[in-house]
Amino acid sequence: MIELSLADIGRALASREISSVELTGIYLDRIARLNPQLNAFITVDPERSLAQARAADDRLARGETRALTGIPIAHKDIFCARDWLTTCGSKMLSNFVSPYDATVIGRFRQDGAVLLGKTNMDEFAMGSSTETSFYGPTANPWALDRVPGGSSGGSAAAVAARLAPAATGTDTGGSIRQPAALCNLSGMKPTYGVISRYGMIAFASSLDQAGPLARSAADCALLLNCMAGFDERDSTSLDRPGEDFARELTAAAGSRPLAGLRIGLPQQFFGEGCSAEVMQLVDAAIAEYRQLGAETVPVGLPSMDLSVAAYYVIAPAEASSNLARFDGVRYGYRAPAYADLTDMYCKSRAQGFGAEVKRRILIGTYVLSHGYYDAYYLQAQRIRRLIANDFAEAFRQCDVILGPTSPSTAFRLGEKAADPVQMYLSDIYTIAVNLAGLPAISIPCGFAGGLPAGLQLIGNYFREARLLNIAHRYQQVTDWHRQRPAGHA
Ligand code: GLN
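As the structure is a prediction and not an experimental result, all values here were calculated from the model.

The rules behind each value
Residues numbered from 1 in each chain as written. Predicted model: local features only at pLDDT ≥ 70, side-chain atom pairs only at ≥ 80, totals over all residues. Heavy atoms only, no water. Helix = DSSP H or I, 4+ residues; strand = E, 2+ residues; numbered from the N terminus. Rg over C-alpha atoms; globule rule 2.2 N^0.38 Å. Contact = heavy atoms within 4.5 Å. Areas by Shrake-Rupley, 256 points an atom, 1.4 Å probe, with all protein chains shown as cover. Lys, Arg positive; Asp, Glu negative; His and termini not counted. Charge placed at Lys NZ, Arg CZ, Asp CG, Glu CD. pLDDT = per-residue confidence, 0-100. Expected span 1.5 Å × (residues − 1). Buried < 20%, exposed > 50% of the residue type's maximum accessible area, 1.4 Å probe, protein only. Core = buried A, V, L, I, M, F, W, Y, C linked by side-chain atoms within 4.5 Å. Axes fitted to C-alpha atoms, helices over the stretch in contact; angles between N-to-C directions. Parallel < 35°, antiparallel > 145°, perpendicular 65-115°, else oblique. Left-handed = near helix turned anticlockwise from the far one by under 90°. Nonpolar A, V, L, I, M, F, W, Y, C, P; charged D, E, K, R; others polar. Near = heavy atom within 4 Å. Polar contact = N/O pair within 3.5 Å; in protein donor to acceptor, adjacent residues only side chain to side chain. Pairing = 2+ DSSP bridges.

Another point: the overall build of the protein. A tally of regular secondary structure across the protein gives 15 helices and eleven strands. What you see for the protein is a C-alpha radius of gyration of 21 Å, in line with the 23 Å of a compact globule of 489 residues. In terms of principal-axis extent, the alpha carbons of the protein reach across some 75 × 55 × 45 Å. Taking as baseline every contact in the protein between residues at least 6 positions apart, the subset at least 24 positions apart corresponds to 76%. Per element, the accessible surface of the protein, about 17,700 Å² overall, is 52% carbon and sulfur. In the protein, 46 positive and 48 negative side-chain charges are present, and the distance between their average locations comes to 2 Å.

Here the protein averages 97 in pLDDT, while 100% of its residues score no lower than 70. For the protein, helix α13 (residues 420-424) is the element with the lowest average pLDDT, namely 90, and strand β2 (residues 72-76) is the one with the highest, namely 99.

As a further point, take helix α15 (residues 464-477). For α15, with 14 residues, the first-to-last C-alpha span of 21 Å sits near the 20 Å given by 1.5 Å per residue. Extensive coverage of α15 is indicated by the burial of eleven of its 14 residues. Looking only at α15, the buried set comprises Glu464, Ala465, Leu467, Leu468, Asn469, Ile470, Ala471, His472, Arg473, Tyr474 and Gln475. Each element contacted by the buried residues of α15 is listed here: β5 (186-189), α7 (217-227), α8 (276-291), β9 (400-404), β10 (440-448) and β11 (451-459).

Mapped onto the fold, Ser128 is located in the loop between β3 (114-119) and α5 (153-160). By relative accessible area, Ser128 is classed as buried at 2%. As for Ser128 and Ala417, which are separated by 289 residues in sequence, their C-alpha atoms are 9.7 Å apart.

A word on the nonpolar core. Membership of the largest hydrophobic core comes to 155 residues, with the highest contact counts inside it found for Phe124, Tyr289, Phe391, Leu457 and Leu468. The element contributing the most residues to this core is helix α9 (residues 307-322), with nine residues. Those residues in contact with Leu457, other than ones at most four positions away along the chain, are Tyr289, Val400, Ile401, Leu402, Pro439, Ala440, Ile441, Ile443, Leu467, Ile470 and Ala471.

Further remarks concern the packing of helix α2 (residues 20-38) against helix α3 (residues 46-62). Running from N to C, α2 and α3 cross one another at 155 degrees; their axes reach a closest spacing of 8 Å. Here α3 runs roughly antiparallel to α2, going by the angle between their axes. Read as a crossing pair, α2 and α3 show a hand that is right-handed. Contact residues: α2 offers Ser20, Val21, Thr24, Gly25 and Leu28, while α3 offers Pro46, Ser49, Leu50, Ala53, Arg54, Ala56 and Asp57. Residues belonging to the contact of α2 with α3 are distributed by class as follows: six nonpolar, four polar and two charged.

Every one of the 15 residues lining the ligand counts as a neighbour, but Gly173, Ser175, Tyr311, Arg360 and Asp427 are closest to it. The side chain of Ser151 places a nitrogen or oxygen atom 3.4 Å from a nitrogen atom of the ligand. One nitrogen or oxygen atom from the side chain of Tyr311 is found 2.6 Å from an oxygen atom belonging to the ligand. Across the shell around the ligand, the residue classes break down as five nonpolar, seven polar and three charged.

On β5, burial covers both faces: Ser186 and Met188 on one face and Gly187 and Lys189 on the other are all buried. Both β5 and strand β6 (residues 209-214) contribute to a ladder of two bridges, which runs antiparallel. Of the residues in β6, the one forming a bridge with Gly187 is Leu213. Across three bridges, β5 lies against β10 in antiparallel orientation. The residue bridging Lys189 from the neighbouring strand is Ala440, located in β10.

Turning next to unusual backbone geometry. Along the chain, Gly150 connects to Ser151 via a cis peptide bond; the corresponding omega equals 10 degrees. Within the fold, Ser151 resides in the loop between β3 and α5. Phi at Cys88 is positive, roughly 55 degrees, even though this residue is not glycine. Within the fold, Cys88 resides in the loop between β2 and α4 (103-110).

β10 sits mainly inside the fold: eight of its nine residues count as buried. In this structure, β10 lies alongside β11, joined through seven bridges in antiparallel fashion. Its bridge partner being in β11, Ser442 is matched across the sheet by Gln456. With antiparallel pairing between neighbouring strands as the criterion, β10 and β11 make up a hairpin whose turn holds two residues, including Gly449 at a positive phi of roughly 60 degrees.

Right, here's the structure in full:
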């Protein structure tokens, strides 16, 4: 059961081969048994999950079935869920029980999916390893002494170890794609604005986007169908006609199903910076795509080298503003002892935030301050425009851009924790995509030293269905994505 696709699980539920209560029980048992060594979940609440499963079984019995009805899904602890502790990986929110549902959570609820638990993450999604969580690091199921990636590392570890059939994540600079790569999953960041950010705790609002983490592109499509859609409560939500993201997956395919597809290979993705072992696997994937009928064309993304620098001005600037609301007054952590109001603010923030969050707030307030705004923030915004222009130019010559997701396989816990710049460089291939607001997916493309590597496919705006199709064709002729870590039976 735990290896079935979401579509097959849905069929098993609809035909009453298994009930949602039984299925949810299987995963809750696995979590009880295996989570202690992984620390993938911050909160599980079996009673609450099973109550939802019972309600789903009632729906299934009445025949009111949607694609995800009765399927347990794990959610990154950045999504507010009514009556659930919602911490964002921070001591600051360690006492916050949300009074309302994020739109994403509400959409899963409407479809009758079961909320299986809230997953671990870097504090306020700042990080690439899940080590900055107040709740301690998550281990990578492929090697327990290694990171699962971040910031959606708890969701990735949970799905990789089969503690959940699928999960949600958020991606501000790579936080869905990089953990997907490091844990052998398929993870997609859609076009900015496709999924509502309402109730998703804000890190850098102009970059944040939710998305699915699953075992295959086909599973991602089903999750995206549930998650995407206009929401009037998010002013950056896009009002577009509804679409079935799985529609291209079932199209008839001959032996060269991708004939005519032009894959752009930017030299910036194939220079130094990527480990040789990952590059070898990416090259093999390119060969596979040629077999499927695709042709490759060289493209340039000349401003891409500036993306990490621009990101680490823009993201902290927005974060410093977004995190100003955590002041110990209305909700969240408040220091137990203080002299006066100012002291209460200072102590609550000093005690409630971890080191990486404080570093970002310092950088953010600095680059926004009078005298430095033009030199840093405005310059970074100009670079952001250049990067978006680069992609627009590239997409005149190709349909999809391909490269590695992450420059290396999973690194050791603690290896980069003391060196923020090394940590920031984990996202050299993913960050530009967020700056441009484009959709991208990471899919498994093989193993080096027993550790998974990810292949990144970037599409033009609103080409999610096409990207999912291109990923799916590869998964029809390879079985990397079916490999499962040993030791988590
Ligand atoms: N690793 C990047 C950062 O630390 C991206 C994180 C994310 O996408 N949430 O900001």
